[in-house]
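Below, each chain spelled out in residue letters.
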Amino acid sequence: MSIEPIAILHMGVFLAIVSGLYGLLIALFWSPFLLTEHFRQLFGSLSPFDWHINYVLWIPLPAVCWGFLCGSIVSLSLDVRPPTDASPLYVSGLDGIIVATAISLLSWPALLLYMLPASGFDWYSNKDTSTTVTLVIGGTVWYLPWLIIPTYLIVLFAGFGDVMTGP
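Here's what I pulled together on the structure shown here. Keep in mind that this is a model prediction, so the values were computed, not measured.

**Looking at a nonpolar patch on the surface**
- A contiguous nonpolar surface patch, about 630 Å² in accessible area, is contributed by Leu-9, Val-13, Ile-17, Leu-21, Leu-24, Val-56 and Phe-68.
- The leading source of residues in the nonpolar patch is helix α1 (residues 5-30), at 5 residues.
- Inspection of the secondary structure assignment puts Ile-17 in helix α1.
- Here Ile-17 falls in the exposed class, since its relative accessible area comes to 52%.

In structure tokens form, the structure reads like this:
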């Protein structure tokens, strides 16, 4: 049971790149949230570009972070988890999805609602806090299934293939 840091980093970077590219597609499905002035104000306040360009550049960023977390946990879990009856790829993939999702559910709203305003980046200046909180949490809950479901299907089929190959 040895931990391979390079393998962990490699898997994290690989899934970050793949998830980031997939994040461009997610941006299309997340775009209804741009109908609200709150998110247009957020993307408009990012310099030096127009909010349209910022949207395309910044929406894949959470997917990159989520992919890196998921990939790192998958690789780490394959190194340290004891063998079970289930496929190691399936079990470690579930570990990665659960950890990456939990961290995302906690960190994305905290970053947008508390850390950015506390650091002087007040992106919702009209102070309509209840609407902003609802939109941020709703946006997070809308965004995450686009990452979780395809990743779970890949893990499911990879794990099934791992079971079928035998010892």
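**Focus on helix α2 (residues 37-45)**
- Listed as buried for α2 are His-38, Phe-39, Leu-42 and Phe-43. All buried residues of α2 fall inside an arc of 125° around its axis, so they share one side.

**Structural notes on the packing of aromatic side chains**
- One pass over the full model with this rule turns up 3 aromatic pairs.
- The interplanar angle of 65° and the centroid separation of 6.1 Å between the aromatic rings of Tyr-90 and Tyr-152 together place this pair among those described as edge-to-face. Within this pair, whereas Tyr-90 is found in helix α5 (residues 88-118), its partner Tyr-152 is found in helix α6 (residues 129-165), the two being separated by 62 residues in sequence.
- We classify Tyr-90 as partly exposed; its relative accessible area is 22%.
- Between Trp-108 and Tyr-143, the aromatic rings sit 5.5 Å apart at their centres with planes inclined by 80°, giving edge-to-face as the arrangement. Linking Trp-108 in helix α5 with Tyr-143 in helix α6, this pair joins segments that are 35 residues apart in sequence.
- Judged by relative accessible area, Trp-108 falls into the buried class, the value being 13%.
- Classification of Tyr-143 as buried rests on a relative accessible area of 3%.

**Here we look at the layout of surface pockets**
- In this structure, the largest pocket occupies an estimated 520 Å³ of space.
- Every residue lining the largest pocket is counted, 21 residues in all, and those nearest its centre are Leu-42, Trp-58, Pro-62, Leu-111 and Leu-112.
- For the lining of the largest pocket, the per-class residue count stands at 18 nonpolar, 3 polar and no charged.
- In this structure, the second largest pocket encloses a volume near 380 Å³.
- Taken together, 17 residues line the second largest pocket, and the ones lying closest to its centre are Phe-14, Leu-15, Thr-151, Ile-154 and Val-155.
- At the level of elements, α1, α4 (60-80) and α6 are the ones that each hand at least two residues to the lining of the second largest pocket.
- Looking at the lining of the second largest pocket, the element that brings in the most residues is α6, giving 7 residues.

**With respect to the side chain of Ser-72**
- Secondary-structure assignment places Ser-72 in helix α4.
- Judged by relative accessible area, Ser-72 falls into the buried class, the value being 12%.
- For Ser-72, the side chain forms a polar contact with the main-chain oxygen of Phe-68, separated by 2.8 Å.
- Sequence-distant contacts of Ser-72, that is, excluding residues within four places in its chain, are made with Ile-8 and Gly-12.

**Thoughts on the environment of Ser-75**
- With respect to the helices, strands and loops of the structure, Ser-75 is situated in helix α4.
- Residues Ser-75 and Gly-93 lie 18 residues apart in sequence; the distance between their C-alpha atoms is 8.7 Å.
- Contacts of Ser-75, omitting those with residues within four sequence positions, involve Ala-7, Ile-8 and Met-11.

**A word on the nonpolar core**
- Trp-30, Phe-39, Phe-43, Trp-66, Trp-123, Tyr-143 and Leu-147 are the most contacted members of the largest nonpolar core, which has 29 residues in total.
- Among the secondary structure elements, those contributing two or more residues to this core are α1, α2, α4, α5 and α6.
- The residues contacting Trp-66, other than those within four sequence positions of it, are Ile-97, Ala-100, Thr-101, Ser-104, Trp-108, Leu-144, Leu-147, Ile-148 and Thr-151.

How each quantity is defined
Residues numbered from 1 in each chain as written. Predicted model: local features only at pLDDT ≥ 70, side-chain atom pairs only at ≥ 80, totals over all residues. Heavy atoms only, no water. Patch = residues over 30% accessible without salt bridge, like charges linked within 9 Å, V, L, I, M, F, W, Y side chains within 5 Å. Areas by Shrake-Rupley, 256 points an atom, 1.4 Å probe, with all protein chains shown as cover. Salt bridge = Lys/Arg side-chain N within 4 Å of Asp/Glu carboxyl O. Helix = DSSP H or I, 4+ residues; strand = E, 2+ residues; numbered from the N terminus. Buried < 20%, exposed > 50% of the residue type's maximum accessible area, 1.4 Å probe, protein only. Arc of directions from axis to C-beta. Phe/Tyr/Trp six-rings, centres within 6.5 Å; stacked < 30°, edge-to-face > 60°. 1 Å grid on protein atoms, 1.4 Å probe; cavity = no way out; pocket = protein on both sides within 12 Å on 5 of 7 lines; lining within 4 Å. Points joined across faces, edges and corners; volume = space filled by probe spheres on them. Nonpolar A, V, L, I, M, F, W, Y, C, P; charged D, E, K, R; others polar. Polar contact = N/O pair within 3.5 Å; in protein donor to acceptor, adjacent residues only side chain to side chain. Contact = heavy atoms within 4.5 Å. Core = buried A, V, L, I, M, F, W, Y, C linked by side-chain atoms within 4.5 Å.

Worth remembering: the numbers are spatial, not functional.
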